[in-house]
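Structure at a glance
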Amino acid sequence: MAIPVEIPNQYGDVAECMHAARANLDRVRRLLMRPSAESVDAAAAILREVEVQLGCISVLWKADQSKRDPKLKPVLEEIRKDVGVLAECFSQAERLFEGWIRAIQSKRGGYDKQGQAAALILVNQVNLEG
Amino acid sequence: MGSLFSALNTAAGALSAFNKAIDVTQNNVANANTPGWAAQNPVMESVNIQSADGTVGGVTEETINSRNPLADTAVQQAQSLMGKFQQLQTSLAPVQTAMDVTSSSAIPSALNELFSAFSQWSTQPTNGTYQTGVINAAQDVSEAFQEVSAQLNSAAGTVTQNLQSTVTQINQDAAEIQGFNAQIAAGNSNPGLQAQIESTLENLSSLANIQTLPGAGGTITVLLGGQTPLVIGTTVDALSVGTNVAGATNGPPTSTILDSNGNDVTSQVTSGSLGALLSVGNNLIPSLIGGGSQTGGLNTLAKSLADTVNNLLESGSTTATPPFQAGSALFTYNANPPSGIAATLGVTPNFQGSQLAAVQTGPPQVSNGIALQLANLDTNPAGQINGQSFSGYFASLAANVGNAVSSANTSATAQQQAVSQAQSLQQQLSGVSLDQQAVQLVQIQSAYQAASKVVTVIDQITQSLMDMVQ
């Protein structure tokens, strides 16, 4: 038996929902142009909202095929493009962090016998200040 | 400490909020949730170590006071990739224009017109108007191939010019760094000079994939691809552009990058503007119009089309009754070198409509058999290249270019953000210890990983929505 899904009121209109998702993706892109821990957190929160928005559209479209308006396809394609940019951005970020952390590891601890940057571990030990 | 606390707390908040399984060590999470964390410093410990300076182990605290060489390197690497993607965007634009499938003067349109003309001619093979229609359509196809070939050759010429100017810029930047090194060697190092060096290195990074190493007396050593010296102390090893004539069996030679001793170091260039120009000039454009060891898809298409049409016409007869009169070849081209086929494709000079052979002599004899085969050529297996129709083959060539452009656009936008990110982190992390830096990076990386997983889910949902609305 299928579990009924409740769609929040603000996500009930497919077109509005889709445009809102697109606008949210744009906000994410702008946030990531000024990257910081705070902006990444804010971006992730918005992405979670986009996930809900698109998920609601999926539920609505599965429940009622007449709501699958082909006019919305270009908007979907734009969303797909934006998501592609974000995915690429995160992929590049991953490479950046990996390279940077590896550089710190080798500078801090040298290299192991396999020629890899020595691993750094965060031990359960703290220095107290003040 | 403020920035460290902020990074730890916000990253921990992200983990909790998204409840996603992320690959961060239990110790990190445990420490991040430790009460009073804000008043504590984590201790980093290296394991199984032969350290860079020869000592074994040790947990010394190293504070970076002025510039952060690791952060600078990260910025340079990000700049190098951005330079590559931006150059790809620039260099691919004219290629994409040439391979346009929508323009009325484009090859697909001309091919359609030719097959339509064959179809019309097949209804009345002796109709002079229809015969002229075939010749005119063949002329249009030839001109379309010539036009695209000329545009791509022009794009190739621009790439070659840009290669030369980019190498000149690289040598100029190397000379600047040489000058800075001379000042450092003379004991004139200061923060202003260091900033100038970093600025020049960032510019150089956008041109090619370089690596920097500390040299003697505080100078900067710059290597191309981690191997070829560009600057060592006060010595510059200038690059130059060469041509690989040995591989030019089918068309113009490909470009090479030579070090100061004349050695080919092309394979070491993987990024920056120079990497993009080599990729477009040595691979993408030759894959279309030939060059180096490649014949080029456009030439393959032109040759296959001309040969197939000519063979059919020459196998037919211009007369419906014996004695049969063999038809003539409609197309001509110069296959020496093979990369020149598309550029020289044309209609046989002084070709007359009466030379078009519509009759299939058989048996069975069919009065419009050849004309019908020509009309159906684009759907007939006899007219296929590697299992594709002529139109389909061109579409696949255009799609390769389109994919390259799309990929460059996406990557350039994303890389712009990566550069901003690296520069922002460069500022945030200056003046902190390597240990603090590592912790911050791991925590911010975790936040990125959490957000990245949401993007993956969104991508999957978007794909399923696209499938629904097809």
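Everything discussed here concerns the structure shown above.
In this report, the structure presented in the accompanying data block is examined. The shown structure was predicted, so the numbers you read here are calculated from the model rather than taken from an experiment.

What follows deals with the packing of helix H6 (residues 191-207) of chain B against helix H7 (residues 272-289) of chain B. All names here are of chain B. At a minimum axis distance of 3 Å, the contact between H6 and H7 shows a crossing angle of 10°. Regarding the angle of H6 to H7, the classification is roughly parallel. Residues Ser205, Ser206 and Leu207 of H6 pack against Gly272, Ser273 and Leu274 of H7. Of the residues assigned to the contact of H6 with H7, the class counts are two nonpolar, four polar and no charged.

Attention now goes to the packing of helix H2 (residues 37-63) of chain A against helix H12 (residues 434-469) of chain B. One way to put it is that H2 of chain A packs onto H12 of chain B with a least axis distance of 9 Å and a crossing angle of 20°. One way to sum up the angle between H2 of chain A and H12 of chain B is to call them roughly parallel. The interaxial crossing formed by H2 of chain A with H12 of chain B has left-handed handedness. Residue composition of the contact of H2 of chain A with H12 of chain B, by class: 20 nonpolar, four polar and four charged.

Here the focus is the packing of aromatic side chains. For the coordinates displayed, the defined rule picks out four aromatic pairs over all chains. Relative to Tyr448 of chain B, the ring of Phe90 of chain A lies with its centre 5.6 Å away and its plane at 70°, an arrangement referred to as edge-to-face. Linking Phe90 of chain A in helix H3 (residues 73-109) with Tyr448 of chain B in helix H12, this pair reaches from one chain into another. Across the pair, exposure class does not vary: Phe90 of chain A and Tyr448 of chain B are buried alike. For the pair Phe115 of chain B and Phe390 of chain B, a centre-to-centre distance of 6.4 Å together with 5° between the ring planes defines the contact as stacked.

What follows deals with H7 of chain B. Because each turn of an α-helix spans 3.6 residues, side chains separated by three or four positions end up pointing in the same direction. Here H7 of chain B is 18 residues long and its end C-alpha atoms lie 25 Å apart, about the 26 Å a rise of 1.5 Å per residue gives. Along H7 of chain B, 14 of the 18 residues are buried, which leaves the element largely enclosed by surrounding structure.

Calculation criteria
- Residues numbered from 1 in each chain as written.
- Chains lettered and ligands numbered in written order.
- Predicted model: local features only at pLDDT ≥ 70, side-chain atom pairs only at ≥ 80, totals over all residues.
- Heavy atoms only, no water.
- Axes fitted to C-alpha atoms, helices over the stretch in contact; angles between N-to-C directions.
- Helix = DSSP H or I, 4+ residues; strand = E, 2+ residues; numbered from the N terminus.
- Parallel < 35°, antiparallel > 145°, perpendicular 65-115°, else oblique.
- Contact = heavy atoms within 4.5 Å.
- Nonpolar A, V, L, I, M, F, W, Y, C, P; charged D, E, K, R; others polar.
- Left-handed = near helix turned anticlockwise from the far one by under 90°.
- Phe/Tyr/Trp six-rings, centres within 6.5 Å; stacked < 30°, edge-to-face > 60°.
- Buried < 20%, exposed > 50% of the residue type's maximum accessible area, 1.4 Å probe, protein only.
- Expected span 1.5 Å × (residues − 1).

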